[in-house]
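Here are the chains, one letter per residue:
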Amino acid sequence: MHELDSKATPRTMISEQKLAQRVAELAEEIDRDYADSDRLLAVGVLKGSVFFMVDLLKHLQVPVAVDFFQTSSYGDSTEPGEVRIRKDIDLPVRGADVLLIEDIVDTGYTLRTILDLLRFRKARSVRLCALLDKTSRREVEVPIHYRGFEIDDVFVVGYGLDYDERYRNIPYIGRMD
Ligand code: 5GP
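In this report, the structure presented in the accompanying data block is examined. Since we're looking at a predicted model, the values are computed, not measured. (Residues numbered from 1 in each chain as written. Predicted model: local features only at pLDDT ≥ 70, side-chain atom pairs only at ≥ 80, totals over all residues. Heavy atoms only, no water.)

**A word on the packing of aromatic side chains**
Argument step 1. One pass over the full model with this rule turns up one aromatic pair.
Argument step 2. Taken together, a centroid distance of 6.0 Å and an interplanar angle of 80 degrees make the contact between F155 and Y163 edge-to-face.
Argument step 3. Look at F155 and you get partly exposed, because its relative accessible area is 38%.
Argument step 4. The class for Y163 is partly exposed, based on a relative accessible area of 47%. (Phe/Tyr/Trp six-rings, centres within 6.5 Å; stacked < 30°, edge-to-face > 60°. Buried < 20%, exposed > 50% of the residue type's maximum accessible area, 1.4 Å probe, protein only.)

Below, the structure written as structure tokens:
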């Protein structure tokens, strides 16, 4: 049972069933695209991507290594667009096919920063998989190869996404009004 204040219960935007279906479709595409890769490295951005990442990777047949970045939380940086890496990945990137997995792309600064870093470290290839895309909010371009859902500019929680560290474990994507 979730201990949510009834007044603060997020309204369902993407149901558990729809999430499961889309995640399976994305995994099928990824599995096909990386079938010949001998060094697939899935890199998640903590903490929001964890629920999505686990569900996605469980579908894959292709062998995959797993690692995580953690960046400064939203609104934490002194300048918009200034992203701090709070935890770096541990595994070597050179020569790897990196699949970067993120919960939501908003302005794009977080992923732009990480993508540039992975390229600098000479990954063989880098692709981005994002569950949610707030396209209208974009300030810097990021190429999303695998996209779950495009959403409007609303604040969402659940399936890994939080509001002040709450709601991550609700199994659907909900909007906070
Ligand atoms: P960006 O660098 O693209 O502006 O920000 C991406 C990060 O902002 C996401 O990883 C997430 O932590 C946070 N974020 C952006 N929009 C939302 C939202 O609607 N809900 C929640 N919980 N986090 C969001």
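Continuing now.
**Re the site of the ligand**
Argument step 1. Taken together, 16 residues form the shell around the ligand, and within it T107, T110, K134, V156 and D162 come nearest.
Argument step 2. With respect to the ligand, the side chain of E102 contributes an N or O atom lying 3.1 Å from an oxygen atom.
Argument step 3. In the environment of the ligand, an oxygen atom lies 2.4 Å from a nitrogen or oxygen atom belonging to the side chain of T107.
Argument step 4. Taken by itself the ligand offers 510 Å² of open surface, and the protein chains cover 89% of this. (Near = heavy atom within 4 Å. Polar contact = N/O pair within 3.5 Å; in protein donor to acceptor, adjacent residues only side chain to side chain. Areas by Shrake-Rupley, 256 points an atom, 1.4 Å probe, with all protein chains shown as cover.)

**Examining the sheet that holds strand 6 (residues 125-133)**
Argument step 1. As summarised here, the arrangement of the six strands in space is 4-3-2-5-6-7, forming an open sheet in which the pairing is mixed. Of all the strands in the sheet, the pair left with one neighbour each is strand 4 (85-87) and strand 7 (146-150). Looking at each pair of strands side by side, their axes are set apart by 30 degrees on average, direction ignored.
Argument step 2. Where strand 2 (residues 40-46) and strand 5 (residues 97-105) come together, five bridges link them in parallel fashion. (Pairing = 2+ DSSP bridges. Helix = DSSP H or I, 4+ residues; strand = E, 2+ residues; numbered from the N terminus. Axes fitted to C-alpha atoms, helices over the stretch in contact; angles between N-to-C directions.)

**Some details on the pattern of salt bridges**
Argument step 1. For the structure shown, the criterion picks out 15 salt bridges.
Argument step 2. Note that D116 and R112 form a salt bridge whose closest N and O atoms lie 2.9 Å from each other. Here the residue D116 and the residue R112 both occupy positions in helix 3 (residues 109-120), the gap between them amounting to four residues, near one helical turn.
Argument step 3. Take D116: its relative accessible area is 40%, and that puts it in the partly exposed class.
Argument step 4. Taking relative accessible area as the criterion, R112 reaches 22% and is therefore assigned partly exposed. (Salt bridge = Lys/Arg side-chain N within 4 Å of Asp/Glu carboxyl O.)

**Considerations on the side chain of K134**
Argument step 1. Secondary-structure assignment places K134 in the loop between strand 6 and strand 7.
Argument step 2. Of the side chains with opposite charge, D106 lies nearest to the buried K134, which makes no salt bridge, at 4.2 Å.
Argument step 3. A distance of 3.1 Å separates a polar side-chain atom of K134 from the backbone oxygen of V154.
Argument step 4. In this structure K134 touches I104, V105, D106, I151, D152, D153, V154 and F155, once residues within four positions along its chain are discounted. (Lys, Arg positive; Asp, Glu negative; His and termini not counted. Contact = heavy atoms within 4.5 Å.)

**Concerning the side chain of S72**
Argument step 1. Relative to the helices and strands, S72 resides in the loop between strand 3 (64-71) and strand 4.
Argument step 2. Taking relative accessible area as the criterion, S72 reaches 10% and is therefore assigned buried.
Argument step 3. Those residues within four positions of S72 in sequence are excluded, and the remaining contacts are E82, V83, R84 and R86.

**Quick look at the pairing of strand 6**
For a regular strand, side chains alternate in direction, first toward one face of the sheet and then toward the other.
Argument step 1. Most of strand 6 sits out of view: seven of its nine residues are buried.
Argument step 2. In the classification by handedness, the crossover that spans strand 5, the intervening helix 3 and the parallel strand 6 is right-handed. (Right-handed = clockwise from strand over helix to strand, strands pointing away.)

Remember, this is a structural readout, not a statement about activity or role.
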